[in-house]
Amino acid sequence: MHLNMSENNCPLEERDRDRLPPIINHQNLERGPKLPFPSYGSFISTLNHKRESGSHSFSSPLFLPAVKQVRELPPIYPDVRQKHRISIDVLPPEVKARFVSEPIIPIRTKTAKEFQDDVERATISGDWKHVHDFYLTTFDSFLELNGAFKKEANAPFNTIEDSGINIKFVNIVYDALLHTPADTQKSVLKGIINSLLREWKGPRTKDDLRAYFVLVQNPQYTSPATYVIYAHLLRQIAALAEADHHFLMHWFKKLPQKRFKQLVERLQLFITTRLFPAKPEELPPMAKCSWWIPSATKVLSLLNAANSISSAPIIPFTDFYNLTLDHIDFMEDYHTWQVHGNSNRFTFCQFPFILSTVVKKAIIQRDSEQQMISMARQTLVDKVSRRQRVDMSLLFLNIKVRRLQLVSDSLDELSRKRADLKKKLKVTFVGEAGLDMGGLTKEWFLLLIRQIFHTDYGMFTYVKESQCYWFSSWKCDNYSEFRLVGALMGLAVYNSITLDIRFPPCVYKKLLTPPIVPCDLDTPVGMATLTLDDLQQIMPDLAHGLGELLSYEGNVEEDFYTTFQVFQEELGVVKAYNLKPGGDKIPVTNLNRKEYVQLYIDFLLNKSIYRQFAAFYHGFHSVCASNALMLLRPEEVEILVCGSPNLDMGSLQRVVQYEGYSKTDPTIRAFWDVVLAFPLELQKKLLHFTTGSDRVPVGGMADLNFKISKIDVSTDWLPVSHTCFNQICLPPYKSKKELRQKLTIAISNAEGFGLE
């Protein structure tokens, strides 16, 4: 039954307000966190009726994943890589406001402690009147929200550092809300509707932003019954000016981690439910709310930007992935993003933070495949038109190498077949029979990587303190082998091979600088803006010393006695380099030490290895050249190349394949009892022993094709692995103790990649 309000007994203003969507009064609503809020679908009908009377278009037709006929909005944050800006359609008159200039915020004196006491008394007595009145008043308008939660009612608080909102009080009020009677919860929703329907004149004030900041944290937006209200709130926030977004972004950054994560989860649930509603009848037709998903994604991008600019991420960047999007036609979304340029079409690719690494890898692979199919089709047409015999091997990148000349043969093959790098890879070792069903390809990768990264080879230096490899700075006339390593990494991504390469994270930043190869060959590549934190991950001792220089309180010039000249050893010869012209004559002082440190970092990580890295960069992009790289974060490139460090042995147990054993055999039961009880370090060693890498492919453990085989030998034998096939062979050990002992010895003493 709808709430009854007589229009004859109230003034005009009240009658206008009563044209809000009816709030249904269910007699059986109980207190508690799982209130079945009624549907607010009639909200849309009310606004559509007004729109038909002559207002601006309130929604645009949906063609997921693209939304048309919308107005362009400014970007959120430069580190959120977007090819195009998202667009949200123009706000209708219904959400604009007739409001006095510089309104005075009402003075509200209730404290958090007093409110908690009111709630406690109401819980005991069952009389919720005082609590109900508080909620009714507080959520009646933006002014009242500021009056209740602003630290000082009429203080400006016009800084990004302090929202001026008493966040602790907000949290207490919202936590209590879900346990209040149903009519109290409905009164809050009705107040929010009233606030959003008010008309505004001129730009938003900081008090308006504070109101949005408070309202978006409301925990009631977890039920589809509240989604119409939530959508209109998100739409208004998304349509704010860029400067307002800047404030909100910094205020979000200050939220407690728990509240921040809840905001992200509510937005993700909203997007997921709109895309794949469990009960479609609970939501308005998609054609009438095509702006819902763009608005929610835009607000989610504010939270992602806040997470990115935080000194330490508030939540992992993977928490912004919406795994539901793994099941949409993401290639259509990608092509829409590619084709329509600056037209007003929404795509998820404009907001890559929301797409999982699985989706991004699939886009890169399919984009490369489509490029290769197009080339292969043209080749076939040419051969047929010339009446030449068609060789189906032209569909593959066929590599033939000799084991004793592995690096030189591989380099020659990849150089000669540069146009075929995006074809499916097949490897043949000269003089050896057998078809490449995947094992030979993986063996080729493992052998090449092991040889190239050996310190005797001289291409890379192993830094013991950070346990990673870095580019040797020696100068030569030919850097083609660095190009080979880059191409290997690209081929590994394209052929779903996980490489055991220990590069520091900044290598992947450099690989995306820029993400698309410049047309002008003279344009520098790989020249990323790096910091002391990046140096710390490669040369921690040097980074610590430079940090000490920056924080030194004495006289830097007199005590350090250094200049803008550095020294570097190359092939046993120490060479001097000026960090700036005349650097050997410029002393480092308290005033210029920051410049010195930045120039030193730039020299070590960019300039001193420029030609080596440029060759490496072009090798990688020769295989992975795709606009899809613009979607990737550096961390995601690392995961594509090297796999994820997050192990889940329980998942591996569920997908493992057996040969000669079954999952109920005593040896297998003992194996999993032992492995699941291993510390993480030994679990990583087991994975490395069996697969050649201690990381997991992008698709998870299921993509490992991990196999446990029975080997009929004496139980005195240790387990044996075939890393090319991700296979471990176990003798039929009689006891768990014996299996644990033999397995631990095998995985702890495997040399190199454990190849057979």
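If you check an unreviewed UniProt entry, the protein appears there as HECT-type E3 ubiquitin transferase from Danio rerio. In the Catalytic activity (unreviewed entry) part of its UniProt record, the protein is described as follows: "S-ubiquitinyl-[E2 ubiquitin-conjugating enzyme]-L-cysteine + [acceptor protein]-L-lysine = [E2 ubiquitin-conjugating enzyme]-L-cysteine + N(6)-ubiquitinyl-[acceptor protein]-L-lysine."

Engineer: I'd like to hear about the overall build of the protein, residue by residue, with values.
Structural biologist: Each helix and strand in the protein was counted, giving 28 helices and 14 strands. Looking at the protein as a whole, 52% of its 756 residues are labelled buried. Residue pairs in contact within the protein that sit at least 24 positions apart in sequence constitute 73% of those at least 6 positions apart. Of the roughly 35200 Å² of accessible surface on the protein, 52% is carried by carbon and sulfur atoms.

Engineer: Let's hear about the environment of F320: which residues, and what values?
Structural biologist: Within the fold, F320 resides in the loop between α12 (292–309) and α13 (330–339). Owing to a relative accessible area of 0%, F320 belongs among the buried residues under this scheme. Excluding anything up to four places from it in sequence, F320 contacts F260, V264, Q268, L300, L303, N304, N307, I315, F353 and I354.

Engineer: Please give an account of the sheet that holds strand β12 (residues 707–710) that cites residues and values.
Structural biologist: Strand order in the open sheet formed by 4 strands is β11-β12-β14-β13, and the pairing between neighbours is mixed. Sheet topology places β11 (657–659) and β13 (720–722) at the edges, where each strand pairs with a single neighbour. This sheet shows a mean twist of 25° between the axes of neighbouring strands, independent of strand direction. With 4 bridges connecting them, β12 and strand β14 (residues 727–730) associate as parallel partners.

Engineer: Account for helix α26 (residues 666–677), with residues named and values stated.
Structural biologist: In a regular helix each residue adds 1.5 Å, so 12 residues correspond to 16 Å; α26 covers 17 Å between its end C-alpha atoms and thus fits that length. Tucked inside the fold, the buried residues of α26 contact α25 (649–655), β11, α27 (680–691), β12, β14 and α28 (736–748).

Engineer: Any details on the confidence of the model for the protein? Residues and values, ideally.
Structural biologist: On average, the protein scores 85 in pLDDT, and the residues at 70 or more come to 84%. Long-range and interchain partners of residues 1–100, a stretch whose pLDDT sits below 50, account for 242 contacts in this model, where long-range means more than four residues apart.

Engineer: Can you lay out the side chain of S473 for me, pointing to particular residues and giving the numbers?
Structural biologist: In this fold, S473 is placed in the loop between β8 (468–471) and α17 (480–494). Classification of S473 as buried rests on a relative accessible area of 12%. Ignoring sequence-local partners within four residues, the contact set of S473 consists of Q568, E569, E570, S608, I609 and Q612.

Engineer: Would you mind going over the pairing of β8 in detail, with residue names and values included?
Structural biologist: The side chains of a regular strand alternate between the sheet's two faces. Side-chain alternation along β8 places C468 and W470 on one buried face and Y469 and F471 on a second face that is also buried. Where strand β7 (residues 460–463) meets β8, 4 bridges bridge the pair, whose relative direction is antiparallel. Within β8, the residue paired with V463 across the bridge is C468. Between β7 and β8, which follow one another and run antiparallel, lie 4 residues, and Q467 among them has a positive phi close to 55°.

Engineer: Provide a residue-level description of the packing of aromatic side chains, including the pertinent values.
Structural biologist: Under the defined criterion, the tally for this structure stands at 47 aromatic pairs. For the pair F213 and F252, a centre-to-centre distance of 5.6 Å together with 50° between the ring planes defines the contact as tilted. Separated by 39 residues along the polypeptide, F213 in helix α8 (residues 206–215) and F252 in helix α10 (residues 242–253) bring together distant segments of the chain. For F213, a relative accessible area of 1% translates into the label buried. Here F252 falls in the buried class, since its relative accessible area comes to 2%. Measuring from ring centre to ring centre gives 5.1 Å for F671 and W672, while their planes differ by 80°; the resulting arrangement is edge-to-face. Here F671 matches W672 in class, with each residue buried. Seen from the ring of W291, R235 lies directly overhead, with NZ or CZ sitting 4.1 Å from the centre. Lying across the ring of F429, R403 places its NZ or CZ 4.0 Å from the centre.

Engineer: Could you give me a rundown of the pattern of salt bridges, with the residues and numbers involved?
Structural biologist: Considering all chains together, one arrives at 32 salt bridges under this definition. Notably, a salt bridge pairs D584 with K585, separated by 3.4 Å at the nearest N-O pair. Several salt bridges converge on common partners, so that one network encompasses K110, D118 and R121.

Engineer: Break down the nonpolar core for me, citing the residues and quoting the values.
Structural biologist: Soluble, globular proteins show a tendency: their nonpolar side chains are buried together. Within the largest apolar cluster, 175 residues are counted, with the highest numbers of intra-cluster contacts made by F252, W444 and F503. With 10 residues, the top contributor of residues to this core is α17. If sequence neighbours within four positions are ignored, F503 has contacts with F453, F460, C468, Y469, F471, M489, Y508, F616 and E638.

Engineer: Hey, could you go over unusual backbone geometry for me, with residue numbers and the actual values?
Structural biologist: Omega for the bond connecting T513 with P514 falls within 30 degrees of zero, at -5°, which places this linkage in the cis form. Of note, the phi angle at S496 is positive, near 60°, even though the residue is not glycine. Locating S496 in the fold gives a position in the loop between α17 and α18 (506–511). Judged by its relative accessible area of 44%, S496 is partly exposed.

Engineer: Account for the environment of L499, with residues named and values stated.
Structural biologist: Along the chain, L499 turns up in the loop between α17 and α18. L499 sits in the buried class, given a relative accessible area of 1%. Considered as a pair, L499 and I449 are 50 residues apart in the sequence and their alpha carbons are 8.0 Å apart. When near neighbours in sequence (up to four residues on either side) are disregarded, L499 contacts F445, I449, L488, M489, A492, V641, C642 and S693.

Rules used in this analysis
- Residues numbered from 1 in each chain as written.
- Predicted model: local features only at pLDDT ≥ 70, side-chain atom pairs only at ≥ 80, totals over all residues.
- Heavy atoms only, no water.
- UniProt positions renumbered as here; feature names shortened; annotations may be inferred.
- Helix = DSSP H or I, 4+ residues; strand = E, 2+ residues; numbered from the N terminus.
- Buried < 20%, exposed > 50% of the residue type's maximum accessible area, 1.4 Å probe, protein only.
- Contact = heavy atoms within 4.5 Å.
- Areas by Shrake-Rupley, 256 points an atom, 1.4 Å probe, with all protein chains shown as cover.
- Pairing = 2+ DSSP bridges.
- Axes fitted to C-alpha atoms, helices over the stretch in contact; angles between N-to-C directions.
- Expected span 1.5 Å × (residues − 1).
- pLDDT = per-residue confidence, 0-100.
- Phe/Tyr/Trp six-rings, centres within 6.5 Å; stacked < 30°, edge-to-face > 60°.
- Lys NZ or Arg CZ within 6 Å of the ring centre and 35° of its normal.
- Salt bridge = Lys/Arg side-chain N within 4 Å of Asp/Glu carboxyl O.
- Core = buried A, V, L, I, M, F, W, Y, C linked by side-chain atoms within 4.5 Å.

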